[in-house]
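# Commentary on secondary and tertiary structure
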Amino acid sequence: MRPGPVPPTVAIASHGLAGSRLDMPEGPLPDDQWAELLHACRSQELLGYLAGAVAAGTLAVTDAQADELDVLEAESAGLSLLVEQRLVTLATSLAAAGIDYRVVDGPARCQLGYADACLRHFETVDIVVEPGYVKLATAMKGAPGGHFR
């Protein structure tokens, strides 16, 4: 039995991996399929990889699709930078207070797991502190909400 077609997001996520043999969707995609791919890539933090595949010419897109992707990818990359800046501020505050911490997601995942970390965007960061410091660390992170857990 032959496996079914590979979801486009899997092909996008594998773009640039050594030995990857997954075919990109044939494009340009119709508008409804493009919208689905954008939504899926956005929800799985793969917009950087989608932009990389388009920039490399691996995935053909229309001019309108390229323009839309440029805006969304820049927005996503900018959000990643903001989250990383907040992390640096919080890490500095935790260190100054003598609180040990570990960063286990977000920029740490990108730096350790990807050859080109700027392609892997993130909207959250997880920081682990000792149980006795959770309330203090939460208060130090700043305004409620945000993208820290």
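I will try to describe carefully the structure that is included in this document. (Residues numbered from 1 in each chain as written. Predicted model: local features only at pLDDT ≥ 70, side-chain atom pairs only at ≥ 80, totals over all residues. Heavy atoms only, no water.)

### Notes on helix 4 (residues 63-96)
Working note: α-helix, 3.6 residues per turn, so residues spaced by three or four point in the same direction. Selection rule: For the purposes of this entry, the term helix denotes a DSSP run of H or I that reaches at least four residues, the term strand denotes a run of E that reaches at least two, and both are numbered from the N terminus. How far a helix is expected to stretch is found by multiplying one less than its residue total by 1.5 Å.
With 34 residues, helix 4 ought to run about 50 Å at 1.5 Å a step, and its terminal C-alpha atoms sit 49 Å apart, in line with that. With its phi angle positive at about 75°, glycine 98 sits one or two positions after the end of helix 4.

### Comments concerning unusual backbone geometry
At glutamate 45, a position not held by glycine, the phi torsion is positive, near 55°. Within the secondary structure, glutamate 45 is located in the loop between helix 2 (31-43) and helix 3 (47-55).

### Observations concerning the side chain of glutamate 45
Keep this limit in mind: Categorising residues by exposure relies on relative accessible area from a 1.4 Å probe, with only protein chains included: less than 20% of the type maximum marks a residue as buried, more than 50% marks it as exposed, and the intermediate range marks it as partly exposed. Pairs of N or O atoms are called polar contacts if they sit within 3.5 Å, as long as, within protein, a hydrogen donor faces a hydrogen acceptor (for residues adjacent in sequence, only side-chain-to-side-chain pairs).
A relative accessible area of 16% places glutamate 45 in the buried class. A polar side-chain atom of glutamate 45 sits 3.2 Å from the main-chain amide nitrogen of glutamate 123.

### What to know about the nonpolar core
Side chains of a nonpolar character, in soluble globular proteins, are inclined to be buried together. This is how the line gets drawn: Only buried residues count toward a nonpolar core, which is a set of Ala, Val, Leu, Ile, Met, Phe, Trp, Tyr and Cys residues joined through side-chain atoms within 4.5 Å. Residues count as neighbours in contact if any of their non-hydrogen atoms are within 4.5 Å of one another.
Counting 18 residues, the largest nonpolar core has Ile12, Trp34, Leu37, Leu50, Leu59 and Leu69 as the members making the most contacts within it. Looking at this core, the elements with two or more residues in it are helix 1 (8-14), helix 2, helix 3 and helix 4. For leucine 37, the contacting residues outside a window of four places in its chain are Pro8, Thr9, Ile12, Leu29, Leu50 and Leu59. Core analysis: the second largest hydrophobic core is formed by ten residues, Leu87, Ile99, Phe122 and Ala137 among them.

### Side note on a negative patch on the surface
Threshold: What makes a patch is a set of residues exposed beyond 30% relative accessible area and free of salt bridges, joined within 9 Å when like-charged and within 5 Å when nonpolar (Val, Leu, Ile, Met, Phe, Trp, Tyr). Accessible areas in this description were obtained via Shrake-Rupley with a 1.4 Å probe; residue shielding takes into account the shown protein chains only. Basic side-chain nitrogens of Lys or Arg form a salt bridge, by our definition, when they fall within 4 Å of a carboxyl oxygen of Asp or Glu. We count Lys and Arg on the positive side and Asp and Glu on the negative side, and we leave His and both chain ends out. Charge positions are represented by NZ for Lys, CZ for Arg, CG for Asp and CD for Glu.
A surface patch of like charges, here negative, comprises Asp31, Asp32, Glu36 and Glu68. In terms of residues, the negative patch owes the most to one element, helix 2, which gives three residues. Within the fold, glutamate 36 resides in helix 2. The exposure class of glutamate 36 is exposed, given its relative accessible area of 54%.

### Section: the environment of cysteine 118
By the element assignment, cysteine 118 lies in the loop between helix 5 (107-113) and strand 2 (127-129). Between the C-alpha atom of cysteine 118 and that of glycine 48, which follows or precedes it by 70 residues, the distance is 7.4 Å.

### Focus on helix 3
Within helix 3, eight of the nine residues are buried, leaving the element largely enclosed by the surrounding structure. Among the residues of helix 3, those classed as buried are Leu47, Gly48, Tyr49, Leu50, Ala51, Gly52, Ala53 and Val54. On the buried face of helix 3, the contacting elements are helix 1, helix 2 and helix 4. The first or second residue beyond helix 3 is glycine 57, which carries a positive phi of 80°.

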